[in-house]
Structures are given as C-alpha cells and as structure tokens.
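# Descriptive structure summary
Spelled out from the first residue to the last, the chains are:
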Amino acid sequence: MTAVRTSAPANAPQLGLRERKKLKTRVAIREATYRLIQEQGYEATTVEQIAEAAEVSPSTVFRYFPTKEDIVLTDEYDPLLETELRERPADEPIVESLRHVLRRAVGLGFVEEPEVSRLRTKLMVEVPAVRSRMLESMSVTGAILCRVIAERTGRDPGDLEVRTFSMGLIGALTETAAYWAEHDHEDDLTVLVDRTLDMLASGFAGPVAGPENPR
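Worth saying up front: this structure is predicted, and the values here are computed from it rather than measured. (Residues numbered from 1 in each chain as written. Predicted model: local features only at pLDDT ≥ 70, side-chain atom pairs only at ≥ 80, totals over all residues. Heavy atoms only, no water.)

### A short note on the overall build of the protein chain
For clarity, the cut-off: Counting from the N terminus, the helices are the DSSP runs of H or I reaching at least four residues and the strands are the DSSP runs of E reaching at least two. We call two residues in contact when some of their heavy atoms are within 4.5 Å. Residue-level accessible areas treat just the shown protein chains as cover; the underlying method is Shrake-Rupley with a 1.4 Å probe.
Summing up its helical and strand segments, the protein chain has ten helices and zero strands in all. Element order for the protein chain, N to C, with α for helix and β for strand: α-α-α-α-α-α-α-α-α-α. Within the protein chain, contacts between residues at least 6 apart in sequence are counted, and of these 72% link residues at least 24 apart. Approximately 11800 Å² of the protein chain is accessible, and the part contributed by carbon and sulfur atoms is 54%.

### A few points about the pattern of salt bridges
Condition: One speaks of a salt bridge when a side-chain nitrogen belonging to Lys or Arg is within 4 Å of a carboxyl oxygen belonging to Asp or Glu. Categorising residues by exposure relies on relative accessible area from a 1.4 Å probe, with only protein chains included: less than 20% of the type maximum marks a residue as buried, more than 50% marks it as exposed, and the intermediate range marks it as partly exposed.
On inspection of all chains with the given rule, the structure shows 16 salt bridges. Here Arg-133 and Asp-70 are joined by a salt bridge, their closest N and O atoms 2.8 Å apart. One end of the pair, Arg-133, is in helix H8 (residues 128-153); the other, Asp-70, is in helix H4 (residues 68-73), and 63 residues separate them in sequence. Arg-133 sits in the partly exposed class, given a relative accessible area of 25%.

### Here we look at the nonpolar core
Note on soluble globular proteins: their nonpolar side chains tend to be buried together. Short version of the rule: Throughout, nonpolar core names a set of buried Ala, Val, Leu, Ile, Met, Phe, Trp, Tyr and Cys residues whose side chains join them through atoms within 4.5 Å.
If you look at the biggest cluster of nonpolar residues, it comprises 23 residues, and the most contacted ones within it are Leu-85, Leu-98, Leu-145 and Leu-197. Within the residue set of this core, elements represented by two or more residues are helix H5 (78-86), helix H6 (94-112), H8, helix H9 (160-182) and helix H10 (189-202). Residues within four places of Leu-197 in sequence aside, it is in contact with Val-95, Leu-98, Arg-99, Leu-169 and Leu-173. Counting 13 residues, the second-largest nonpolar core is a separate cluster that includes Ile-37, Val-72, Leu-73 and Val-127.

### Some points on H9
To be explicit about the condition: For a helix, the expected span equals 1.5 Å multiplied by the number of residues minus one.
A rise of 1.5 Å per residue sets the reference length of H9, with its 23 residues, at 33 Å; its end C-alpha atoms lie 32 Å apart and thus fit the reference within 8%. Restricting attention to buried positions, one finds in H9 the residues Val-162, Ser-166, Leu-169, Ile-170, Ala-172, Leu-173, Thr-174, Thr-176, Ala-177, Ala-178, Trp-180 and Ala-181. Phi turns positive, to about 55°, at Asp-184, one or two residues after H9.

### Some words on a negative patch on the surface
The criterion, for reference: Residues enter patches when they are more than 30% accessible in relative terms and free of salt bridges; like-charged ones are connected within 9 Å and nonpolar ones (Val, Leu, Ile, Met, Phe, Trp, Tyr) within 5 Å. By the counting scheme adopted, Arg and Lys are positive, Glu and Asp are negative, and His together with the chain ends is not counted. Here the site of a charge means NZ on Lys, CZ on Arg, CG on Asp, or CD on Glu.
On the surface, Asp-184, Glu-186, Asp-187 and Asp-188 cluster together into a patch of negative charge. Topologically, Asp-184 is positioned in the loop between H9 and H10.

### A few points about unusual backbone geometry
Residue Glu-55 is not a glycine yet carries a positive backbone phi of 60°. Among the residues examined, Glu-55 registers a relative accessible area of 75% and is labelled exposed. In this structure, Asp-184 takes a positive phi of about 55° despite not being glycine. For Asp-184, a relative accessible area of 59% puts it in the exposed group.

### Things to note about the environment of Arg-26
The topology assignment puts Arg-26 in helix H1 (residues 17-40). Judged by its relative accessible area of 18%, Arg-26 falls in the buried class. Separated by 28 residues in the primary sequence, Arg-26 and Ala-54 have C-alpha atoms spaced 9.3 Å apart.

### Points about the packing of aromatic side chains
Under the convention used in this document: For Phe, Tyr and Trp, rings pair up if their centres lie within 6.5 Å, where Trp contributes its six-membered ring, and each pair is then called stacked (planes under 30 degrees apart), edge-to-face (over 60) or tilted (otherwise). Only lysine NZ and arginine CZ atoms are considered, and such an atom sits over a ring when it is within 6 Å of the ring centre and within 35 degrees of the ring normal.
In this structure the tally under the stated criterion is zero aromatic pairs. Lys-68 extends its terminal NZ or CZ atom over the ring of Tyr-42, reaching a point 4.1 Å from the ring centre.

### Notes on the confidence of the model for the protein chain
Segments scoring low in pLDDT should not have their predicted coordinates read at a detailed level. Heads up, the condition is: pLDDT gives the predictor's per-residue confidence on a scale running from 0 to 100.
Per-residue confidence for the protein chain gives a mean pLDDT of 85, with 84% of residues at or over 70. H6 is the least confidently modelled element of the protein chain, averaging 77 in pLDDT, while helix H2 (residues 47-54) averages 97, the highest of any element. The low-confidence segment residues 1-10 (pLDDT under 50) makes 43 contacts with residues lying over four places distant or belonging to another chain.

### Concerning the packing of H9 against H10
Convention followed: To obtain each axis, a line is fitted to C-alpha atoms, and for helices this fit is confined to the stretch in contact; angles are then taken between N-to-C directions over 0 to 180 degrees. A clockwise turn of the near helix away from the far one marks a right-handed crossing, whereas an anticlockwise turn of less than a right angle marks a left-handed crossing. Residue polarity follows a fixed list, in which Ala, Val, Leu, Ile, Met, Phe, Trp, Tyr, Cys and Pro are nonpolar, Asp, Glu, Lys and Arg are charged, and the others, Gly among them, are polar.
Where H9 meets H10, the axes come as close as 10 Å, and the angle between the chain directions of the two elements is 145°. The hand of the H9/H10 crossing is right-handed. Counted together, Leu-169, Ala-172, Leu-173, Thr-176, Tyr-179 and Trp-180 of H9 and Leu-189, Leu-192, Val-193, Thr-196, Leu-197 and Leu-200 of H10 form the full contact between these two elements. Across the contact of H9 with H10, the residue classes tally to ten nonpolar, two polar and no charged.

Below, the structure written as structure tokens:
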C-alpha cells in the first residue's frame, strides 16, 4: 500500500524460523536494491547486481520478487493492514479507521527509514515501469479494503459499490504519495493524507474560496 513502509511494525506477531529466514532474505534484497539505485540510478541497476549485493542468486531474487519493480514496491505491511483495520471499532467510518492506521504507518515509516520512503515515492513518479506496476498491484490492497468494508456493511466484497469505494480510496492515497514526491517531499505526508481523507469523507468542495470565488 503504500509506499512508505518497508518492514513490519515492531509489534507484529512473531514469525517461525522459516518465515524469519524468508523475511531476512526479502529485506536483504530490498536493501541492496535501494542502495544500488541511490548510487547509480534505477535503470542502471540490474537484477544480477542486486543478487550479488544481497549475496543470493538471481533466481532467488525472482523467486521473491517477480520483477525489479516489485522489489521497490512490495513491503510487509499489506498483510497487517487487514488485521489493524479489523481491530478498529466496527461502527467507526472506514475512512476514519484508515486514517488511524495510515497515521501509524507513516509515522513508523519515517522513524525507521525516511530516505527509503522518499526514494520509493520518487521512483513511483519518475520511472514509468514502477508507476505501471504500482497501478497493477493496487488491486491487492483494494481487495483487503473490500473485505473489511464488506464485513462492516454486510455486503458482498464483490459488490460494485464496495469495489469502487475501496479502489477510490486506494487511488486517492496513491495520488497523495505522487503529489508529495512531485513537490520534493516538502510537505508533511501525514497532513497530506489527512487532507485526502477529509476530502473523501466530506466531498470535493470545488473552487478555492477567495475574492473571485466567495463561499
């Protein structure tokens, strides 16, 4: 989901030995990728270079990440999003539940890896292949929201209204991340997310109030 997290929260459920090894490999591949991209750029960074830097084989890289773009975009937070949303009060508006979860995610992301957060969103904007892959992968997070919204409303996750509302949320948050990157990460991302969710909750207000457009 987001492009601001690269590792699971510290209070995530403890993993077994096999899962911990797999997570360690995934993190090593991602860290090697970010380091190489920062040093030489996205296009110049190859999977072979990533594998060597992460001390794994190219086939291992592809086993964990089908494409180079997936290395940049994939994190460990999506599986926890559903759990955290379900922990919110059942009668709480979904936008407010999402606000709570995202504030925590954004805060943790910047405490742990602020430069990676900026790099990921920068690549989303500047690299067409990353942007394209991100749009494809939005359906994963959208499906999570569909399930949560369906449970709260007693509707089917496949209902048109559930699907359009869920993907509308994901699309809006994706554009928020893009806006943040396009403006050189000068704004507070938490404030931008709040602005987006406020607009989704209350509706688009139209022209900005001023001498020519009084409210």
